[in-house]
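Topology and contacts: notes
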Amino acid sequence: MPWADELRRMQVWTNADKPEEAAQARRYGAQGIGLCRTEHMFREGERLEIVRGAILVANEATRAKAKAASGEQLSADEQDAITTFDAAMAKLEVLQQGDFEGIFEAMDGLPVVVRLIDPPLHEFLPNLEEQLVKVTRAESAGGASEEDKELLATIKSMHEQNPMLGLRGCRLGLMIPDFVKIQTRAILNAQIAVTQRGGNPIAKIMIPLVGHVNELARTRELLEAEAKAVEQKAGVHVDYKFGTMIEVPRGALTADEIAHEADFFSFGTNDLTQMTFGYSRDDAEGGFLLKYVEEKILPVNPFQTLDDAVAGLMKVAVDRGRSTKPDLELGICGEHGGDPESIFKCERIGLDYVSCSPFRVPVARLAAAQAAMTNAAERDK
Ligand code: PEP
Ligand code: MG
């Protein structure tokens with residue numbers, strides 16, 4: 001492995017959401033965290049209940065806050081929604097800060113890319129059909145509770161026909177800005193706390209699912225205002241990098257514009273594959289896709305091995321991004337980051353690092369070295 005490490009050009013980072021995973025990956029030689037999915041932290045134990053409490057009033061509270069900001073009088077119900085929402089979000093902020101402190105400590109001195117919340121909110125709520133059955137059964141047996149009926153109404157109001165193309169990623173933070181605010185505070189306050197204990201945390205904040213530069217610019221404004229407030233309150237300067245995932249084809253095609261607002265890009269090739277092929281990543285593998293591979297309609301499963309057209313789109317984004325910012329940092333954090341054949345393609349495209357699950361780190365180190373040697377040999381021919 002040390003021979004491989006000497007030969008490779010790309011770094012190997014890891015996808016990890018927990019301190020134990022980060023420590024494990026570090027033992028395997030990971031040089032940073034390329035993707036910390038913060039929503040996983042929302043699902044653990046007591047947190048799910050807190051998150052649900054926040055989601056149930058999130059839209060009402062956000063509308064009420066906008067109304068108050070424009071000077072309008074709020075009703076008692078609106079005021080209540082804000083109080084309930086803020087209390088739940090404050091609890092989450094404390095819990096998330098603790099999580100980030102743990103991750104920064106485990107990766108001390110190495111970069112940690114923290115991605116703000118990404119999945120559609122209904123994923124944190126009970127399933128629509130199950131809740132419908134529960135309420136219908138209770139109604140026929142004498143009456144469902146108000147709480148269950150309200151929950152059903154909220155789940156229905158959030159239901160989307162195509163949730164993967166719906167209210168998720170950066171869209172979520174733009175519609176409910178408190179998500180961006182609490183996560184920014186939790187990340188930066190964790191960084192301050194770990195630094196004060198003598199550590200060296202290196203935070204990079206990443207925005208998912210950007211397709212238009214304005215989405216990133218607006219999110220950045222929101223985030224920077226919050227970061228300034230954190231600095232003022234703590235009386236210290238906090239250093240962090242701000243970047244985005246490139247996982248929507250429009251984002252890749254407009255990477256030159258997007259690079260004006262980002263210090264780094266990380267390719268989310270799970271979503272980029274989904275949106276380039278138009279295949280649902282949640283359904284395709286259980287359905288026609290395996291048959292496609294079996295019958296050689298497709299040479300490989302593109303969710304496992306980077307497809308050439310998707311890699312081509314990445315190359316466009318790399319060239320356009322670097323035309324705006326020659327020192328733009330570029331990585332990959334989709335599942336392909338741990339697949340040797342895909343790692344070869346990442347080397348050819350010129351990425352700076354691949355990020356993969358902890359257990360794939362050794363394989364990725366070896367593949368990155370083989371890819372660098374192959375590329376160098378091809379260049380010398
Ligand atoms: C991706 O889309 O490749 C990615 C890493 O994000 P997620 O899988 O969480 O959507
Ligand atoms: Mg994604």
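As a reminder, the structure under discussion sits directly above these lines.
These lines cover the structure that appears in this document, whether it is placed above or below. (Residues numbered from 1 in each chain as written. Chains lettered and ligands numbered in written order. Predicted model: local features only at pLDDT ≥ 70, side-chain atom pairs only at ≥ 80, totals over all residues. Heavy atoms only, no water.)

A closer look at the packing of helix α5 (residues 128-140) against helix α6 (residues 146-158)
Contact geometry of α5 with α6 gives a least axis separation of 10 Å together with a crossing angle of 145°. Here α5 and α6 pass one another in a crossing that is left-handed. Counting all contacts with α5, which are made through Leu128, Gln131, Leu132, Lys134, Val135 and Glu139, the residues of α6 involved are Asp148, Lys149, Leu151, Leu152, Ile155 and Lys156. Looking at the contact of α5 with α6, its residues break down into six nonpolar, one polar and five charged. (Axes fitted to C-alpha atoms, helices over the stretch in contact; angles between N-to-C directions. Helix = DSSP H or I, 4+ residues; strand = E, 2+ residues; numbered from the N terminus. Left-handed = near helix turned anticlockwise from the far one by under 90°. Contact = heavy atoms within 4.5 Å. Nonpolar A, V, L, I, M, F, W, Y, C, P; charged D, E, K, R; others polar.)

Regarding the packing of helix α12 (residues 269-277) against helix α14 (residues 308-324)
Closest axis-to-axis distance for the α12/α14 pair is 10 Å, and the angle between their directions is 110°. Taken together, the axes of α12 and α14 are roughly perpendicular relative to one another. Seen from above, α12 lies across α14 with right-handed handedness. Of the residues in α14, those in contact with Thr269, Leu272, Thr273, Thr276 and Phe277 of α12 are Val310, Leu313 and Met314. In terms of residue class, the contact of α12 with α14 is built from five nonpolar, three polar and no charged. (Parallel < 35°, antiparallel > 145°, perpendicular 65-115°, else oblique.)

Points about the site of ligand 1
Contacts to ligand 1 come from 14 residues, most closely from Arg37, Arg115, Gly268, Asn270 and Arg281. Within the backbone of Asn270, a nitrogen or oxygen atom sits 2.7 Å from an oxygen atom of ligand 1. Contact with the protein chains removes 96% of the 290 Å² of surface that ligand 1 exposes when unbound. Looking at the shell around ligand 1, the elements that each hand over two or more residues are β2 (33-37) and α12. At three residues, the largest contribution of residues to the shell around ligand 1 is made by α12. For the shell around ligand 1, the per-class residue count stands at three nonpolar, four polar and seven charged. (Near = heavy atom within 4 Å. Polar contact = N/O pair within 3.5 Å; in protein donor to acceptor, adjacent residues only side chain to side chain. Areas by Shrake-Rupley, 256 points an atom, 1.4 Å probe, with all protein chains shown as cover.)

Overview of the nonpolar core
Membership of the largest hydrophobic core comes to 67 residues, with the highest contact counts inside it found for Ile187, Phe265, Phe267 and Leu351. Among the elements that make up this core, the one with the highest residue count is helix α8 (residues 178-196) (seven residues). Excluding residues that lie within four positions of it along the chain, Phe267 makes contacts with Ile246, Leu272, Met314, Ala317, Val318, Leu330, Gly331, Ile332, Cys333, Gly334 and Leu351. Formed by 27 residues, the second largest nonpolar core is a distinct cluster that contains Ile50, Ala54, Val57 and Leu172. (Core = buried A, V, L, I, M, F, W, Y, C linked by side-chain atoms within 4.5 Å. Buried < 20%, exposed > 50% of the residue type's maximum accessible area, 1.4 Å probe, protein only.)

A word on the packing of aromatic side chains
A ring pair, where both rings are aromatic, is described by two values, the distance of the centres and the angle of the planes. A complete count under the given rule lists seven aromatic pairs for this structure. A ring pair is formed by Trp13 and Tyr353, whose centres lie 3.7 Å apart and whose planes are at 5°; its orientation type is stacked. Note that Trp13 is positioned in strand β1 (residues 11-15) and Tyr353 in strand β8 (residues 353-356), a separation of 340 residues in sequence. For Trp13, a relative accessible area of 2% translates into the label buried. When the ring of Tyr279 is compared with that of Tyr292, the centres are 6.4 Å apart and the planes differ by 75°; the resulting orientation is edge-to-face. Here Tyr292 lies in helix α13 (residues 288-294) and Tyr279 lies in the loop between α12 and α13, a separation of 13 residues in the sequence. Members of the aromatic cluster, connected to one another through ring pairs, are Phe277, Tyr279, Phe288 and Tyr292. The lysine or arginine in question, Lys204, covers the ring of Phe264, its NZ or CZ lying 5.4 Å from the ring centre. (Phe/Tyr/Trp six-rings, centres within 6.5 Å; stacked < 30°, edge-to-face > 60°. Lys NZ or Arg CZ within 6 Å of the ring centre and 35° of its normal.)

So, the pairing of strand β7 (residues 329-332)
Pairing between strand β6 (residues 264-267) and β7: four bridges, direction parallel. Note on β7: the bridge partner recorded for Ser266 is Gly331. Bridging between β7 and β8 involves two bridges; their strand directions are parallel. Counted as the bridge partner of Ile332 is Val354 from β8. (Pairing = 2+ DSSP bridges.)

Describing the coordination of the magnesium ion (ligand 2)
The magnesium ion (ligand 2) binds to the protein through Glu247 (OE) and Asp271 (OD); the donor distances cover 2.0 to 2.2 Å. You can see Glu247 sitting in the loop between β5 (240-246) and α10 (249-253) and its partner Asp271 sitting in helix α12, a full 24 residues away along the chain. Like Asp271, Glu247 is buried. (Donors = N, O, S within 2.8 Å, 3.2 Å for Na, K, Ca; no water.)

Just geometry here; none of it tells us what the structure is for.
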